[in-house]
Amino acid sequence: MTRKGHQKLFEPRVKVDNLALNERLRSSYGIIDNAKIKGLLNQAEEDLAGYDLEMERVRMAYEEEMHRLGLRRQGLHIYMTNLTALQSPIRRLPEELLSLIFLHCCKENDLTADYEGCRKAMAMTISCVCTRWRRLALPCPVFWSNLTITFAYRNSKEEEAKLVHKLSIYLKRSKSHPLTLELTAYVFEPTTHKALALIARESHRWQYILFRGDFFGGDNFPYLEPLRLPILETMIFDKFEDTFFFKEPHSEPFTSTLNLKYVVFGSLELGSGAIALSLPLETITSLDYASRTDIVKSLSLVKRCTNLRHLRIDLWVDYDSNDYSDLEIIPQILSIDTLEVDIYEARKHNNSLALFTFPNLVNLTLTGGAPPSFSRSFAALKSLLARSKCHLQVLTIREYHCLADTDVVTLLLQFPTLQELCIEEDNYSSKPQPISTSFITSLHTWKQSFLRCSSAPLVPQLRVLTLKTVAEDFDPSSFVEMITSRWLPDECSEREIGAVCLRSVELHLPGIADAKPYEPLAHIDKAGMRVVVKCEGGYLV
């Protein structure tokens, strides 16, 4: 008998004695008991079978033990992996900081992106990484409230159902948080996309909306009428450059806007704009639009924006001076302090600048194409600034074609109060570029050049300077000398020179440049001025 749960050990029946048996085999005589030998053989065969069974038992026990040890080893390996994971730097991040990182990743949840490498529905991706990330992502509606959707031409039923399902999840998890929407349409016919219906149903939560594509509203998108937009602050209309079917949306969907602050009409023509007239213009503080045909009616829009602070306008007009003979001049606009003017290749646009007067302008940005009558347009710009008598503090000149160094110095002479100057040259222009050696020398605090004969410093209040040049033969010595002359670390030096100390300077160079000529600026950077000199090869200072 064996105890329950214990198998009886194998005991062989035959006592093996090969030495004695070998002796008998060598002997020629002896009585042979066949019956006894046959019995021993039978017992030996049984013992062989017993040995086979015992070997199988031992093998199975061995494999079971090896399996048990393997499981324990694997468990130990997982334990060590988890211990190592506890040392991961990301686990030391506070949840507040981790949430800020997630928020940055979820600024654009593209629910319809299908190309490789794009940032798709990031909030949903983050929530599927691990328990901790999911616990952080699900209760935060702000992660789910930034949505980008593209309505492709003739979506299949399967694609539409998939988009509706995903959008429903995002709208549910965003709860009552304000929505940021970017809607793009590749359609040229009316549509009743169910996803658009879901978005329209949440119009009371729209805070930022960008319409890109052909057109929205009216007969084209019935689901957008009517809309409730009590918290809408930003509304942007954009169009594809190769689209010729763009029309102005109906005004009905936007009549309930009460809190509109920032409006970009893009290439919408506002001459007979029903939508512009339906908006609460008195609440708008920033306006961006292109004037292509009837500039008189378009600019009359500015008069109604009584709280306008920032104005950006693309001038595409093509009018002769006689077209403004019966124009009622728009009065000076006291509220505007930031102006961006983008002048495209219009043949006769200089008189449009005569419609402006901005006495409180402090920030001016100039960009644009290369109008054939550049001298006339530049004269009109100088007249605008002189007429406004503004105390400009920030001037940005970005890829403004045909602008030479003499033109920039002429502008700077009008603004002794200028504190920040940024000039970015155009990579694709063969015209004279403004950042020349003569221009650099003109910024020297006491050294004269043929562009500035006066001994008084040009722009004496300059504190921030940014230059992005495309010149392959840029002169580093004149630049270093000019920057050194503007390093005035104490009030006594400022009074003696008649200028304030330059606090920040950036120089962007094309190609690969040598760092050695700029080494003298390193000690100024260590002393307190922010000095950045970089090229395509990296930072030189």
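What you see is a predicted model, and the numbers here were worked out from it, not measured in a lab. (Residues numbered from 1 in each chain as written. Predicted model: local features only at pLDDT ≥ 70, side-chain atom pairs only at ≥ 80, totals over all residues. Heavy atoms only, no water.)

Enquirer: Mind showing me how you'd approach the overall build of the chain here?
Expert: The secondary structure content of the chain amounts to 15 helices and 16 strands. Per-residue burial for the chain yields a buried fraction of 44% across its 541 residues. Within the structure as shown, the chain displays about 30300 Å² of accessible surface, and the carbon and sulfur contribution to it stands at 55%. (Helix = DSSP H or I, 4+ residues; strand = E, 2+ residues; numbered from the N terminus. Buried < 20%, exposed > 50% of the residue type's maximum accessible area, 1.4 Å probe, protein only. Areas by Shrake-Rupley, 256 points an atom, 1.4 Å probe, with all protein chains shown as cover.)

Enquirer: Hey, could you run me through the pairing of strand β10 (residues 363–368) in this one?
Expert: Within a regular strand, the side chains alternate between the two sheet faces. For β10, the tally of buried residues reaches 5 of 6 residues, placing the bulk of the element in the interior. Note: β10 against strand β11 (residues 394–400), 6 bridges, orientation parallel. Note on β11: the bridge partner recorded for Thr365 is Thr396. (Pairing = 2+ DSSP bridges.)

Enquirer: Honestly, helix α13 (residues 476–485) in this entry has me stumped. Any pointers?
Expert: Working note: α-helix, 3.6 residues per turn, so residues spaced by three or four point in the same direction. A large share of α13 lies buried, amounting to 7 of its 10 residues. The set of residues buried in α13 consists of Pro476, Ser478, Phe479, Val480, Met482, Ile483 and Ser485.

Enquirer: Explain the packing of helix α6 (residues 157–173) against helix α7 (residues 194–201) here, please?
Expert: Each pair of packed helices can be described by the angle between their axes along with the distance between the axes. It is the contact of α6 with α7, at a shortest axis distance of 8 Å, that shows an interaxial angle of 20°. With respect to α7, the element α6 is oriented roughly parallel. Regarding α6 and α7, the two cross each other, and that crossing is right-handed. The residues of α7 that touch α6, namely those facing Glu160, Leu163, Val164, Leu167, Ser168 and Leu171, are Lys194, Ala195, Leu198 and Ile199. (Axes fitted to C-alpha atoms, helices over the stretch in contact; angles between N-to-C directions. Parallel < 35°, antiparallel > 145°, perpendicular 65-115°, else oblique. Left-handed = near helix turned anticlockwise from the far one by under 90°. Contact = heavy atoms within 4.5 Å.)

Enquirer: Quick question: what am I supposed to make of the packing of aromatic side chains here?
Expert: Applying the stated rule across the entire model yields 6 aromatic pairs. Taking the centre distance of 6.2 Å and the plane angle of 85° together, the rings of Phe102 and Phe143 count as edge-to-face. Residue Phe102 is found in helix α3 (residues 95–105), and its partner Phe143 is found in the loop between α5 (131–137) and β2 (146–151); the two are separated by 41 residues along the sequence. Residue Phe143 is classed as buried on the basis of its relative accessible area of 3%. Note on Phe479 and Tyr518: the rings are 6.4 Å apart at their centroids and 65° apart in plane angle, and the pair reads as edge-to-face. Of this pair, Phe479 sits in helix α13 while Tyr518 sits in the loop between β14 (504–508) and α15 (521–527), and the two are 39 residues apart along the sequence. (Phe/Tyr/Trp six-rings, centres within 6.5 Å; stacked < 30°, edge-to-face > 60°.)

Enquirer: What is the right way to read the environment of Trp133 from this model?
Expert: By secondary structure assignment, the location of Trp133 is in helix α5. Taking the C-alpha atoms as reference points, Trp133 and Glu95, separated by 38 residues in sequence, lie 9.3 Å from one another. Ignoring anything within four residues of it in the chain, the contact list for Trp133 reads Ile90, Leu98, Phe102 and Ile126.

Enquirer: Can you help me understand the pattern of salt bridges in this one?
Expert: Oppositely charged side chains can pair when the atoms bearing their charge come close. With the rule as written, the count across this model stands at 14 salt bridges. Between Arg309 and Asp337 there is a salt bridge whose closest N-O contact spans 2.3 Å. Residue Arg309 is located in the loop between α9 (295–304) and β8 (310–315), and its partner Asp337 is located in the loop between β8 and β9 (338–343); the two are separated by 28 residues in the primary sequence. In this structure Asp337 comes out as buried when scored by relative accessible area, which is 15%. Glu424 serves as the salt-bridge partner of Arg398, at 3.6 Å between the closest nitrogen and oxygen. With Arg398 in strand β11 and Glu424 in strand β12 (residues 420–424), this residue pair connects regions lying 26 residues apart in the sequence. Assessed through its relative accessible area of 16%, Glu424 is described here as buried. (Salt bridge = Lys/Arg side-chain N within 4 Å of Asp/Glu carboxyl O.)

Enquirer: Got a minute to help me understand the confidence of the model for the chain in this structure?
Expert: Any segment with low pLDDT has predicted coordinates that should not be analysed in fine detail. Mean pLDDT over the chain: 79, with 74% of residues reaching 70 or higher. Predicted confidence is poor over residues 241–247, with pLDDT under 50, and the contacts of this stretch with residues over four places away or in other chains come to 12 contacts. (pLDDT = per-residue confidence, 0-100.)

Enquirer: Even after reading the chapter, I still don't get unusual backbone geometry, so can you show me in this structure?
Expert: Outside of glycine, negative phi angles account for most residues, and trans bonds account for most peptide bonds. Positioned with a positive phi, Lys175 is a non-glycine residue whose angle comes to about 55°. Inspection of the secondary structure assignment puts Lys175 in the loop between α6 and β3 (179–185). Located in the positive-phi region is Val459, a residue other than glycine, with phi close to 45°. You can see Val459 is positioned in the loop between α12 (437–442) and β13 (464–468).

Enquirer: When you look at the side chain of Asp337 in this model, what are you seeing that I'm missing?
Expert: Here Thr338 takes part through its side chain, which lies 3.0 Å from a polar atom of the side chain of Asp337. Leave out the neighbours within four places in its chain, and Asp337 touches Arg309, Asn360, Leu361, Val362 and Asn363. (Polar contact = N/O pair within 3.5 Å; in protein donor to acceptor, adjacent residues only side chain to side chain.)

Enquirer: So what exactly am I meant to see when it comes to the pairing of β14 here?
Expert: Within β14, 5 of the 5 residues are buried, leaving the element largely enclosed by the surrounding structure. Along β14, one buried face is formed by Ser504, Glu506 and His508 and the opposite face, lined by Val505 and Leu507, is buried too. Relative to β14, β13 runs parallel, the two being bridged by 5 bridges. Within the sheet, the bridge partner assigned to Val464 lies in β14 and is Ser504. Where β14 and strand β15 (residues 530–535) come together, 5 bridges link them in parallel fashion.

Enquirer: Looking at this structure, how should I read a nonpolar patch on the surface?
Expert: A grouping of Leu76, Tyr79, Met80, Leu83 and Leu86 is seen on the molecular surface, where their side chains present a nonpolar patch of about 520 Å² in accessible area. Its place among the elements puts Leu83 in helix α2 (residues 34–86). Among the residues examined, Leu83 registers a relative accessible area of 39% and is labelled partly exposed. (Patch = residues over 30% accessible without salt bridge, like charges linked within 9 Å, V, L, I, M, F, W, Y side chains within 5 Å.)

Enquirer: Explanation requested: the environment of Leu385 in the structure shown.
Expert: Locating Leu385 in the fold gives a position in helix α10 (residues 374–388). In this structure Leu385 comes out as buried when scored by relative accessible area, which is 4%. Note: C-alpha distance between Leu385 and Thr357 (28 residues apart in sequence) is 7.9 Å.

Enquirer: It is not clear to me how the side chain of His444 should be interpreted in this structure. Could you clarify?
Expert: Along the chain, His444 turns up in the loop between α12 and β13. A relative accessible area of 2% means that His444 is categorised as buried. At 3.2 Å, the side chain of His444 forms a polar contact with the backbone nitrogen of Trp446.

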